[in-house]
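# Structural characterization, general
Here's the letter readout for the chains.
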Amino acid sequence: MTPKELVKISNIIGITAIVLLVYWVFTFITIEVFGLKVFRENMTETFYLSVLGILALMVGSLIINVMFNLTRIADNKNSDSNNVKSNKKIYFALLVIFPLIAGILFGGDYLTSSKKEKMLIKSAKSIIEKNVINSDKLVNYSFSEKYINETSNILEVYSNTDKNFPSVNVLVKDIINGSPVFLGFNEYKGENLKDTIKPQKSDYIYKTTQVEREYLDKIFSGKSKEIRYSNHDGEYELFYPYRKGKKVIVLYFSEEQRYGKLGS
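Quick summary incoming for the structure in this document. Model, not experiment: these values are computed from the prediction.

Cut-offs applied
Residues numbered from 1 in each chain as written. Predicted model: local features only at pLDDT ≥ 70, side-chain atom pairs only at ≥ 80, totals over all residues. Heavy atoms only, no water. Helix = DSSP H or I, 4+ residues; strand = E, 2+ residues; numbered from the N terminus. Buried < 20%, exposed > 50% of the residue type's maximum accessible area, 1.4 Å probe, protein only. Contact = heavy atoms within 4.5 Å. Lys, Arg positive; Asp, Glu negative; His and termini not counted. Salt bridge = Lys/Arg side-chain N within 4 Å of Asp/Glu carboxyl O. Pairing = 2+ DSSP bridges. Phe/Tyr/Trp six-rings, centres within 6.5 Å; stacked < 30°, edge-to-face > 60°. Core = buried A, V, L, I, M, F, W, Y, C linked by side-chain atoms within 4.5 Å. Axes fitted to C-alpha atoms, helices over the stretch in contact; angles between N-to-C directions. Left-handed = near helix turned anticlockwise from the far one by under 90°. Nonpolar A, V, L, I, M, F, W, Y, C, P; charged D, E, K, R; others polar.

What follows concerns the overall build of the chain. Each helix and strand counted, the chain has six helices and five strands in total. Of the regular secondary structure in the chain, the N- to C-terminal order runs α-α-α-α-α-β-β-α-β-β-β. For the chain, buried positions account for 37% of its 264 residues. Long-range contacts, defined here as pairs at least 24 residues apart, represent 64% of the contacts in the chain between residues at least 6 apart.

Below is the structure:
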């Protein structure tokens, strides 16, 4: 292989490595900024290793060019003109790939989220239907140590039943000093009770956003039976209303799915 051929090959490798690096950085930044859920765990490690590999290719091609100290110069104006036209097409094709990558990432995120929503709703429905007796006990809410302990035990069973729901809470509506509030109970609340101290409602207030409060108000007032699903930055939430007669509770299932992140 002649030096000229080596230089040509090294140039191709170097340019390809640079393009791949730009696309990969663009992909990674897009995922981080918009919290897209396309790649699974260990993305950060994969990103660093792939960047090192691409840089190694770039350095290798640069060393070859420096060693042979050769430069490609066009022989005549015609070839220059043809190269300019050809380069424009190449640049245009390279630029078009950016929105294509973005479209694939956002499309993949949407499909992932939709699939996750269906799976979580199906799992929640299965857990509740197979534990009707316990679910009915949760609906009979009254703020007492007995209810808190019983709820804690039931939720422990729920959270251990399905790996998609490591965290399950029961949300109820109550009143503290004349103000309506939402209380939340989980499997750990019962463990924190002491025989000498009576539980206080204020210790169980469930913090909500305005959107969540509006949703829960509609559920507890009987104006809606809607299941609410949301996801943000790898954290999935499912509000699943459960009714028995006029009584209603909301089972809150949550799961935090790890996706590769800078600093993770």
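Turning next to the side chain of Arg228. Inspection of the secondary structure puts Arg228 in strand E3 (residues 228-232). Nearest to the buried, unbridged Arg228 among oppositely charged side chains is Glu212, at 4.4 Å. Every residue in contact with Arg228, bar those within four places of it in the chain, is listed here: Val211, Glu212, Tyr215, Glu237, Leu238 and Phe239.

In terms of burial, strand E4 (residues 235-244) is a largely internal element, seven of the ten residues being buried. As paired elements, E3 and E4 share five bridges and run antiparallel to each other. Note that in E4 the partner of Asn231 across the bridge is Tyr236.

Attention now goes to the pairing of strand E1 (residues 167-176). The buried fraction of E1 is high, at seven of ten residues. Where E1 and strand E2 (residues 179-185) come together, seven bridges link them in antiparallel fashion. Across the sheet, the residue bridging to Leu171 is Gly184, located in E2. Here E1 folds back onto E2, and the loop between the two strands holds two residues, one of which, Asn177, carries a positive phi near 50°.

The next point concerns unusual backbone geometry. A positive phi angle is found at Asn177, which is not glycine, with a value near 50°. Mapping Asn177 onto the fold places it in the loop between E1 and E2.

The next point concerns the environment of Ile13. Along the chain, Ile13 turns up in helix H1 (residues 3-34). In this structure the C-alpha to C-alpha distance between Ile13 and Ile54, which are 41 residues apart in sequence, comes to 9.7 Å.

So, on to the environment of Asn186. Following the sequence through the fold, Asn186 ends up in the loop between E2 and helix H6 (210-220). Ignoring sequence-local partners within four residues, the contact set of Asn186 consists of Ser152, Leu155, Val168 and Asn169.

Quick look at the packing of aromatic side chains now. Counting across every chain of the model gives ten aromatic pairs. An angle of 75° between the planes, with centres 5.7 Å apart, marks the rings of Phe143 and Tyr204 as edge-to-face. Taken together, the residues Phe143 in the loop between helix H4 (132-139) and helix H5 (145-161) and Tyr204 in the loop between E2 and H6 connect sequence positions 61 residues apart. The exposure class assigned to Phe143 is partly exposed, which follows from its relative accessible area of 21%. Here a set of aromatic residues connected by ring pairs shows up, and it is made of Tyr141, Phe143, Tyr147, Phe185 and Tyr204.

Within this structure, the stated rule accounts for three salt bridges. Here Asp217 ties to Lys173 by a salt bridge, and the two come within 3.1 Å at their closest N and O atoms. In this pair, Asp217 sits in helix H6 while Lys173 sits in strand E1, placing the two residues 44 residues apart along the sequence. Its relative accessible area of 32% is what places Asp217 among the partly exposed residues. Judged by its relative accessible area of 36%, Lys173 falls in the partly exposed class.

In this structure, Leu138, Tyr158, Val170, Ile249, Leu251 and Phe253 are the most contacted members of the largest nonpolar core, which totals 27 residues. Put simply, the parts of the chain that give this core at least two residues each are helix H3 (77-129), H4, H5, E1, E2, E4 and strand E5 (247-256). Ranked by residues supplied to this core, first place goes to H5 with five residues. Other than its neighbours up to four places away in sequence, Tyr158 contacts Ile127, Asn131, Asn134, Ser135, Leu138, Val168 and Leu251. Ranked by size, the runner-up nonpolar core spans eleven residues in total, among them Phe182, Tyr206, Phe220 and Val250.

Here the focus is the packing of H4 against H5. The N-to-C vectors of H4 and H5 enclose an angle of 145°; their axes lie 10 Å apart at closest approach. Seen from above, H4 lies across H5 with left-handed handedness. For the pair H4 and H5, the contacting residues are Asn134, Ser135, Lys137 and Leu138 in the first and Tyr147, Glu150, Thr151, Ile154, Leu155 and Tyr158 in the second. Classifying every residue of the contact of H4 with H5 by side-chain character gives five nonpolar, three polar and two charged.

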